[in-house]
Every structure is written in structure tokens, then in C-alpha cells.
Amino acid sequence: MSTPDSPLPSPVARTRLYEQVAEQITRWVAQAGLGAGDRLPPERELAVQLGVSRATLSQALVALEVVGVVAVRHGDGTVLTGAQPAAAPVLSAIRAHADRLPEVIDARDALETKIARLAAERRTDEDLAAIQAALDAMAADIDAGGRGVEGDELFHGAVTRAAHSRLLADMMDTIGELIRESRIESLSQPERPRNSLAGHRAVADAIAAGDADAAARAMHEHITMVSDVALLRD
């Protein structure tokens, strides 16, 4: 019996449960004719209807938020951002995000650790005020029940500006949207917003003290902590 010369087929991709849930939600949105601005049912109700745990549903909604299908608004629930998304492209986008996430984490660690070091050496009083304002904004959002996404973004932006390196700032801008995806994924996990805020404060304290080594170390530890996301563990 002859052996074919062509390579064997690629393994069939295993569909994670949260991916199946995200696909079901996407199909339901299309069938129901929902569009931008429409709200999804409350999470508890939606989890019961789908027959999954709240944790699995939450992960599916985060995946849909990361790829831009929904927006989670504090006090307003989960809101659709666009009309009738197709299930297949959404699932592909979710998987593409998962595939590139480890590289995004590596890039963040390399760039932001150096940025924190430079910020400790070069920061001005104005830079320190901007960093503190970002910490206050994130703390206020978390205290109000939010995830602190905007405050997190403000903090890292303020630290980047404090490094006074145009090239490093441009590099951060280049991967900014990818970082935002990972930020949403990370801050959607239980207790992560407050833990992330604590990491920010450690970085800020080192920068304010002008301790470059401590600032770099604190930023590395912070990136390592926030990079522990359910999507990669799954």
C-alpha cells in the first residue's frame, strides 16, 4: 500500500466552551435583529438561558468585548456596538486575539519595564501629577463598581510620557489597540482591578522616589501579574 506524499491534515481546533457561548450569542443577536445600542439580557438571565455558569458567560462576553462586538458599561449592562455581527468572523477574531496575546505580553514587558526605568530618571513634577491623577481616576472608578479600564490606560500613558522618549512612545502607540484588548481581558477578572491598582501604586512610588531599578522591577511584576488571564489558562 502506497503512502501519499502530501502532508497530513492539520489537527482540528478544539472549540472552548466560552467560544461556543460567544458564537451562540452572536447568532442570537443576528436572528433577533438587534443592532448598535441594544442591550443584552442581564448576565444571570443569559447564563440560565444558555445553560452555562456565570463565569463561562462572563468570559464569552469579555471575548466579544475584546473584538469590539459589545461594550460593558457600568450601570448600563452589556451593549451592542454594531449591527448583526456574523458568527464565523467573530469566532476567528476571538481566536486570533488568543493567539497573539502572548506576544503582546512580551512586547509590553520589554517596552514598559524600560519606560518605567526612564520615567524614574526623567520625570517632572507635572509628570508625577499626571500619574497621581490617573491613579485617583482608576481608584474612583473601581470604588464605584467599575473595572478601572480608562484609569489603567491613563496611568500607563502618563508613565510613558514621563519617560520622555518619543521613539518608545511611538512604539507603545503602535501596539496600543492590542494592549487595550489585553487590558479588558485582564481587568474583567475577579479582584484584578484592585490588584492592578496596587501594582500601579508600587510603580508610581518608585518613579516618585527616582529609584530606576525599583520602578523597572515593579513594572515587570505588574505586567507579569496582569498577564495571568483566564483566556490563556483555558
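Parameters at a glance
- Residues numbered from 1 in each chain as written.
- Predicted model: local features only at pLDDT ≥ 70, side-chain atom pairs only at ≥ 80, totals over all residues.
- Heavy atoms only, no water.
- 1 Å grid on protein atoms, 1.4 Å probe; cavity = no way out; pocket = protein on both sides within 12 Å on 5 of 7 lines; lining within 4 Å.
- Points joined across faces, edges and corners; volume = space filled by probe spheres on them.
- Helix = DSSP H or I, 4+ residues; strand = E, 2+ residues; numbered from the N terminus.
- Domains from an automatic or database assignment.
- Nonpolar A, V, L, I, M, F, W, Y, C, P; charged D, E, K, R; others polar.

If you look the protein chain up in an unreviewed UniProt entry, it shows as FadR family transcriptional regulator from Nocardioides zeae.

A word on the layout of surface pockets. A water-sized probe rolled over the atoms picks out the places where empty space is left. Roughly 520 Å³ of internal volume is contained in the largest pocket. Lining the largest pocket are 23 residues, and of these Glu-43, Val-72, Arg-73, Gly-77 and Thr-78 lie nearest its centre. Element by element, the count of residues in the lining of the largest pocket is highest for helix 3 (residues 54–66), at 5 residues. Both domains that meet at the lining of the largest pocket, namely domain 1 (17–85) and domain 2 (100–232), each give it at least three residues. Lining the second largest pocket are 17 residues, and of these His-156, Gly-157, Thr-160, Met-172 and Asp-173 lie nearest its centre. At the level of elements, helix 4 (87–122), helix 6 (149–162), helix 7 (166–174) and helix 8 (176–187) are the ones that each hand at least two residues to the lining of the second largest pocket. With 5 residues, helix 6 is the single largest residue contributor to the lining of the second largest pocket. In the lining of the second largest pocket, the residues fall into 3 nonpolar, 6 polar and 8 charged.

What follows covers empty space enclosed by the protein. Per the counting criterion, the structure on display carries 1 cavity of 30 Å³ or more. Roughly 120 Å³ of internal volume is contained in the largest cavity. Taken together, 15 residues line the largest cavity, and the ones lying closest to its centre are Arg-108, Ser-182, Arg-183, Ser-186 and Val-226. Of all the secondary-structure elements, those providing two or more residues to the lining of the largest cavity are helix 4, helix 6, helix 8 and helix 10 (212–226). Partitioned by chemical class, the residues of the lining of the largest cavity number 6 nonpolar, 6 polar and 3 charged.

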